[in-house]
Amino acid sequence: MTAPGKRQEQVEALSIRLHGHQVGILAHYAGGKNILTFDPQFSALPGNRQPTFSLTQHVRQGYFSAPLMTSQKLPPVLSNLLPEGALRSWMAQSLKTHADNEFPLLALSGDNLPGAIVAEPLPAGRIPDWALNARERINPVPVAVQSAAAGFSLAGVQMKFSAQRDDGRMTIQPESGTDDWIIKTPSTVHRHVPANEYSAMRLAEAIGVEIPAIEQIPLTALSGLPDIQLPDETTAYAIKRFDRAGRTRIHTEDFAQVFEVFAHEKYGHYNYEQIGAALYRYGSQGLADIQQLARRLLANILLANGDAHLKNWTIIYPDGMNARLAPAYDIVSTLPYVAGESESALNMAKNKHWYTTDLTHFQRWADRIGVPWPAIRGPHPGSAGSGP
């Protein structure tokens, strides 16, 4: 492995696994380069036996043939598995690293990521040669993945944690297991966010938006809550994880992963037509998912939610292979917190403004996706039948 005349650089690695398969190896070089090389055995699996790692593999021929390379941050398909905001800062503080240095963050959280992807540390002697061939001018020196730090605290804007229900209480889970709920604590910046989200989700449900089970839960009913600063509020928000069924992990992918952009690019680079078109062309539910998407777009306008960005739309793979629109989450009325808020996060038919959006924008949105407008519009007033 060592060749004369080449600069040596230490490298750590994680095995990226999905439903029992090793999808690839993520190598992290001391200089900051991250390289995801896909496992040749996984790449060679026939279509009827190969789980869907990313919708992109069905869109772009040869997706698995070339490594994905980035610096500091991970490739978007992995980077978007990591938390944002206060929880990311909390993790980075624990590891004494920068929040943009994402490899150690993935190593810390790799056994309890969203969806079904698992990132397992590899011993130095078990990194295969094919995972280290992408950098021709470097002599890689394999080392063990650095262990994570423990014991830290941080004031949070709003924190969210995995939890397990246990006899009427919610137990925060530092490790993966049967955790099947997400707990969001009150925000130290905005008042009554848990009540806001619970109310907005229930109102969206009332117009036909599919949501997971949700609850408001007293903070006194939470066990294992870390030492974080909380405001003088009494309740947290709980939402059941649609990516867990007992100990079974269900693969998911948000649209920042699908479109291969980083979390900081979740606004403005894509629009709701592109989300709809990808779902309609490559999803397994066809028109039904687009009708559900339209309901959510309407709900976000009616509820003054200006934060329905790429990461707040997710596809789910219930059978491990075929995509469908996941249940809604993170529907919050942002108007109480953003003075003068009046726009959606992304464009729909070249328009973001709530107060000028009308049926013509929905019709243009449907036309650009290629779905029949009557199926989105529903019956005319006074006609028989029910709409989508």
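Structure report, in brief.

Reading the values: rules and limits
All residue numbers refer to position in the chain's written sequence, counted from 1. The model is predicted, so local features are restricted to residues of pLDDT at least 70 and side-chain atom pairs to those at 80 or more, both for listing and for counting; the totals for chains, interfaces and linings are taken over all residues. Calculated side-chain values reflect all of the structure's heavy atoms, with hydrogen atoms and water omitted. Each helix is a run of H or I in the DSSP string that is no shorter than four residues. Each strand is a run of E no shorter than two, and both are numbered from the N terminus. In this description, contact between two residues means that some pair of their heavy atoms is separated by no more than 4.5 Å. Throughout this description, the term salt bridge denotes a Lys or Arg side-chain nitrogen within 4 Å of a carboxyl oxygen of Asp or Glu. Each residue gets one of three labels from its accessible area relative to the maximum for its type: buried under 20%, exposed over 50%, partly exposed in between, using a 1.4 Å probe on protein chains only. By nonpolar core we mean a set of buried residues, namely Ala, Val, Leu, Ile, Met, Phe, Trp, Tyr and Cys, connected to one another through side-chain atoms within 4.5 Å. Whether two strands pair comes down to DSSP finding at least two bridges between them. Here the term patch refers to residues with relative accessible area over 30% and no salt bridge, with like charges joined within 9 Å and nonpolar side chains (Val, Leu, Ile, Met, Phe, Trp, Tyr) within 5 Å. Each accessible area value is a Shrake-Rupley result obtained with a 1.4 Å probe; residue values ignore everything except the protein chains displayed when judging cover. As defined here, a cavity is a set of points on a 1 Å grid over the protein atoms alone where a 1.4 Å probe fits but cannot get out. A pocket is an open set with protein on both sides within 12 Å along at least five of seven lines, and residues line them when an atom is within 4 Å of a point. Grid points are joined across faces, edges and corners, and a volume is the space filled by probe spheres set on the points. Under the grouping applied here, Gly and all other residues not named as nonpolar or charged are polar, the nonpolar ones being Ala, Val, Leu, Ile, Met, Phe, Trp, Tyr, Cys and Pro and the charged ones Asp, Glu, Lys and Arg.

### Some remarks on the environment of Ala200
Take Ala200: it is sitting in helix H6 (residues 193–206). Remark: the alpha-carbon pair of Ala200 and Leu302, spanning 102 residues in sequence, is separated by 9.9 Å. Once you skip the residues sitting within four places of it in the chain, Ala200 turns out to touch Leu303, Ile331, Val332 and Ser333.

### Some remarks on unusual backbone geometry
Most peptide bonds take the trans form, and the phi angle of most residues other than glycine is negative. Even without glycine at this site, His19 takes up a positive phi of about 50 degrees. Among the secondary structure elements, His19 is positioned in the loop between strand S1 (7–18) and strand S2 (21–29). Look at Lys350: it is not a glycine, yet its phi comes out positive at around 60 degrees. Looking at the secondary structure, you find Lys350 in the loop between strand S20 (343–348) and strand S21 (351–353).

### A look at the pattern of salt bridges
Tallied over the full model, the rule gives 19 salt bridges. Glu215 serves as the salt-bridge partner of Arg165, at 2.4 Å between the closest nitrogen and oxygen. Here Arg165, found in strand S8 (residues 160–166), pairs with Glu215, found in strand S11 (residues 214–218); they are 50 residues apart in sequence, far enough to count as distant. Note that Arg191 is salt-bridged to Glu233, the shortest N-O span being 3.6 Å. One end of the pair, Arg191, is in the loop between strand S10 (181–184) and H6; the other, Glu233, is in the loop between strand S13 (228–229) and strand S14 (235–240), and 42 residues separate them in sequence. Using a relative accessible area of 47% as the deciding quantity, one classes Arg191 as partly exposed. Within this structure, Lys73, Arg88, Asp100 and Glu102 form a network of salt bridges that share partners.

### As for helix H5 (residues 102–109)
Where burial is concerned, most of H5 is hidden: six out of the eight residues are buried. Of the surrounding secondary structure, the elements contacted by the buried residues of H5 are S1, S2, strand S3 (33–38), helix H3 (76–79), helix H4 (85–95) and strand S5 (117–121).

### Observations concerning the nonpolar core
Here is a general trend for soluble globular proteins: nonpolar side chains tend to be buried in one another's company. Judged by nonpolar contacts, the single largest core of 34 residues is most densely connected at Phe255, Tyr272, Ile275 and Trp365. Looking at this core, the elements that each hand over two or more residues are helix H7 (255–258), helix H8 (272–282), helix H9 (287–302), strand S18 (314–317), S20, helix H10 (359–369) and helix H11 (373–377). Counting residues per element, this core draws most heavily on H9, at five residues. When near neighbours in sequence (up to four residues on either side) are disregarded, Trp365 contacts Tyr272, Glu273, Ile290, Leu293, Ala294, Leu297, Met348, Ala349 and Ile376. One finds Leu36, Met91, Leu106 and Val145 within the second-largest nonpolar core, a separate group that totals 30 residues.

### Some thoughts on the pairing of strand S9 (residues 169–172)
Alternating positions in S9 separate cleanly, Met170 and Ile172 being buried on one face and Arg169 and Thr171 remaining unburied on the opposite face. Of the pairings in the sheet, the one linking S8 to S9 comprises four bridges and is antiparallel in character. Residue pairing in the sheet places Ala163 in a bridge with Ile172 of S9. Of the pairings in the sheet, the one linking S9 to strand S12 (residues 222–223) comprises two bridges and is parallel in character. If you follow Thr171 over to S12, its bridge partner there is Ser223.

### Regarding H4
When you tally the buried positions in H4, you get eight out of 11 residues, the bulk of the element. Among the residues making up H4, those that are buried are Ala86, Leu87, Arg88, Trp90, Met91, Ala92, Ser94 and Leu95. Remark: Lys96 follows H4 within two positions and exhibits a positive phi of approximately 55 degrees.

### Some words on the sheet that holds S10
Spatial strand order, S11-S14-S10-S8-S9-S12: six strands in an open sheet with mixed pairing. A strand with exactly one partner marks an edge of an open sheet, and here the two such strands are S11 and S12. Sheet analysis places S11 next to S14, joined by five bridges and oriented antiparallel. Residue Pro218 lies in a different strand from S14, and its bridge partner there is Thr235.

### Section: the pairing of S18
Burial of the side chains of S18 extends over both faces: Thr314 and Ile316 are buried on one face and Ile315 and Tyr317 on the other. Pairing of strand S17 (residues 251–254) with S18 involves four bridges; the strand directions are antiparallel. Within the sheet, the bridge partner assigned to Thr252 lies in S18 and is Ile316. Bridge count between S18 and strand S19 (residues 324–325): two bridges; the pairing is antiparallel. Its bridge partner being in S19, Ile316 is matched across the sheet by Arg324. As consecutive antiparallel partners, S18 and S19 are separated by six residues, and within that stretch Gly320 has a phi angle of approximately 85 degrees, a positive value.

### A few points about a nonpolar patch on the surface
A surface patch of nonpolar side chains, about 270 Å² in accessible area, is lined by Ile207, Leu298 and Leu302. With relative accessibility at 38%, the residue Ile207 sits in the partly exposed group.

### Side note on the layout of surface pockets
In this model, the second largest pocket occupies a volume close to 260 Å³. In terms of lining, the second largest pocket is formed by 15 residues, of which the most central are Ala294, Leu298, Leu359, Phe362 and Ile376. When contributions to the lining of the second largest pocket are tallied by element, the ones reaching two or more residues are H9, H10 and H11. For the lining of the second largest pocket, the element with the most residues is H9, which contributes six residues. For the lining of the second largest pocket, a count of residues per class yields 10 nonpolar, two polar and three charged.

Remember that the coordinates give geometry; whether it matters functionally is a separate question.
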